[in-house]
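The residues making up each chain are set out below.
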Amino acid sequence: MKKYDSNQTPLATASIPEQPLGFWQYFSSIILLTLSAVVVWGISSAVPALIFYSTGLLLIAIYHIRQLASLNRWLQTSELDISTIPDGSGVWSAAFASLALFVNRYSQSQQRLSSALERMQRATAAMPDGVVILDEVNHIEWCNAMAERHLGISLELNSGQQITNLVRQSPFANYLSAKKYGSPLVLRIPNHHKLIISLQLVPFGYRQKLLISRDTTRLESMETMRRDFIANISHELRTPLTVIGGFLETLSEEDQMDPDMNKRALALMSDQATRMQRLIEDL
């Protein structure tokens, strides 16, 4: 079975065994050396056999030390390139091939995660709302372009910084420390006198938080207009109603009314009724 790099192209440096080596295969060289030493002992004597056995053990140790050194040099490289995994023989060949398979799977997993992260960043960059990813101590990990405009921050310059050092408003600091994620915070940005944003914290992942910002300037302006409109129209309607009500109360209390006063009261009530009709038609 061939091993593959991150682009799924076969590498010819080693082969990955279909099954792991058996227990005795790891000690085959020691067993073979021991049997050879026994044969030398039988042919000659104990001293030559001991020298032969010691020399063989020394060569085996040197071989394994060299393989370990090659593995250590590869592990210390900046990027674990699967194509540069050392070649080995015997048990080391199987170990290096298994390591190549592991690195290949890890590389593919990293590529999938990077691709998913890139898609997520493209999607959030296209959102009309600002998105800031904060860690557990409110350091900026990532933000989209809309959040940069809303909060006056820069991902390139401010990544890793405390967000309260950049958005210096006590209501915002209190909102972060209170951890009341259910309700948003409406904030007026000092550098943009007409910009009003709504901030909402959403916990996710491992102690991370999403800070979502939304431009509510137009909504706040419309709400102000609505309040002013209701106040003005209430005042405009209250004035003619007060006039009509006052005259009706006067007419109901007087037994005999002066004809001139009666005509004047009716004329004023008619004018105020016409005024209310115009207001209702305008509405």
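The shown structure was predicted, so the numbers you read here are calculated from the model rather than taken from an experiment.

Thresholds, definitions, all that
- Each residue is numbered by its place in its chain's sequence as written, counting from 1.
- Only residues with pLDDT of 70 or above have their local features reported here, since the model is predicted, and side-chain atom pairs are shown and tallied only from 80 upward, although totals for entire chains, interfaces and linings are computed over all residues.
- No hydrogens and no water enter the side-chain calculation; it runs on all heavy atoms of the structure.
- Helix numbering and strand numbering both begin at the N terminus, where a helix is a DSSP run of H or I of at least 4 residues and a strand a DSSP run of E of at least 2.
- Three labels apply to residues, based on accessible area from a 1.4 Å probe with only protein chains included: buried if under 20% of the type maximum, exposed if over 50%, partly exposed otherwise in between.
- A contact between two residues is defined here by any heavy atoms of the two lying within 4.5 Å.
- A 1.4 Å probe and the Shrake-Rupley method give the accessible areas. Residues count as covered only by the protein chains that appear here.
- pLDDT expresses how confident the predictor is about each individual residue, on a scale running from 0 to 100.
- Salt bridge, as used here, is a side-chain nitrogen of Lys or Arg placed within 4 Å of a carboxyl oxygen of Asp or Glu.
- Among buried residues, those of type Ala, Val, Leu, Ile, Met, Phe, Trp, Tyr and Cys that are joined through side-chain atoms within 4.5 Å constitute a nonpolar core.
- DSSP bridges decide pairing: two strands pair if at least two such bridges lie between them.
- Lines fitted to the C-alpha atoms define the axes, with helices restricted to the stretch that makes contact. Angles between their N-to-C directions range from 0 to 180 degrees.

Take the overall build of the protein next. Each helix and strand counted, the protein has eight helices and seven strands in total. Across the 283 residues in the protein, those meeting the buried criterion constitute 26%. When contacts within the protein are restricted to residue pairs at least 6 apart in sequence, long-range pairs at least 24 apart make up 40% of them. Summing over all exposed atoms, the protein offers an accessible surface of approximately 19,200 Å²; the carbon and sulfur share of this is 59%.

What follows covers the confidence of the model for the protein. Per-residue pLDDT for the protein has a mean of 80; in total, 87% of the residues score no lower than 70. Element-level pLDDT for the protein is lowest in strand 1 (residues 2-4), with a mean of 39, against a maximum mean of 91 in strand 3 (residues 130-134). In the predicted structure, residues 1-19 sits below a pLDDT of 50 and forms 37 contacts with residues beyond four places in sequence or in another chain.

A word on the pattern of salt bridges. Inspection of every chain in the model, using the stated rule, returns five salt bridges. Residues Asp 129 and Arg 214 are paired through a salt bridge, measuring 2.8 Å at the closest nitrogen-oxygen approach. Highlighted residues: Asp 129 in the loop between helix 3 (91-125) and strand 3 and Arg 214 in strand 7 (residues 208-215), separated in sequence by 85 residues. Looking at Asp 129, the relative accessible area reads 10%, which means it is buried. Taking relative accessible area as the criterion, Arg 214 reaches 46% and is therefore assigned partly exposed. The closest approach of N and O atoms between Glu 223 and Arg 226, which form a salt bridge, is 2.5 Å. Pair noted here: Glu 223 and Arg 226 are both in helix 7 (residues 217-253), with a separation of three residues, about one helical turn. Judged by its relative accessible area of 28%, Glu 223 is partly exposed. Given a relative accessible area of 43%, Arg 226 falls into the partly exposed group.

The next thing to look at is the nonpolar core. Val 132, Leu 151, Ile 163, Phe 172, Leu 199 and Leu 211 are the most contacted members of the largest nonpolar core, which totals 20 residues. Residue assignment for this core shows that the elements contributing at least two residues are strand 3, strand 4 (140-143), helix 4 (145-151), helix 6 (170-178), strand 5 (185-188) and strand 6 (196-204). In this view, Val 132 contacts Ile 140, Trp 142, Cys 143, Ala 147, Leu 151, Ile 153, Ile 163, Lys 209, Leu 210 and Leu 211; residues no more than four positions away in its chain are not counted. Listed in part, the nine residues of the second largest apolar core include Trp 74, Trp 92, Phe 96 and Ala 100.

The next thing to look at is the sheet that holds strand 6. The antiparallel open sheet is built from five strands, whose spatial order is 4-3-7-6-5. At either margin of the open sheet sits one strand with a lone partner, and together these are strand 4 and strand 5. Going across the sheet, the axis of each strand differs from the next one's by a mean of 25°, ignoring polarity. Alignment of strand 5 against strand 6, held across four bridges, turns out to be antiparallel. Opposite Val 186, over in strand 6, you have Ser 198 as the bridge partner.

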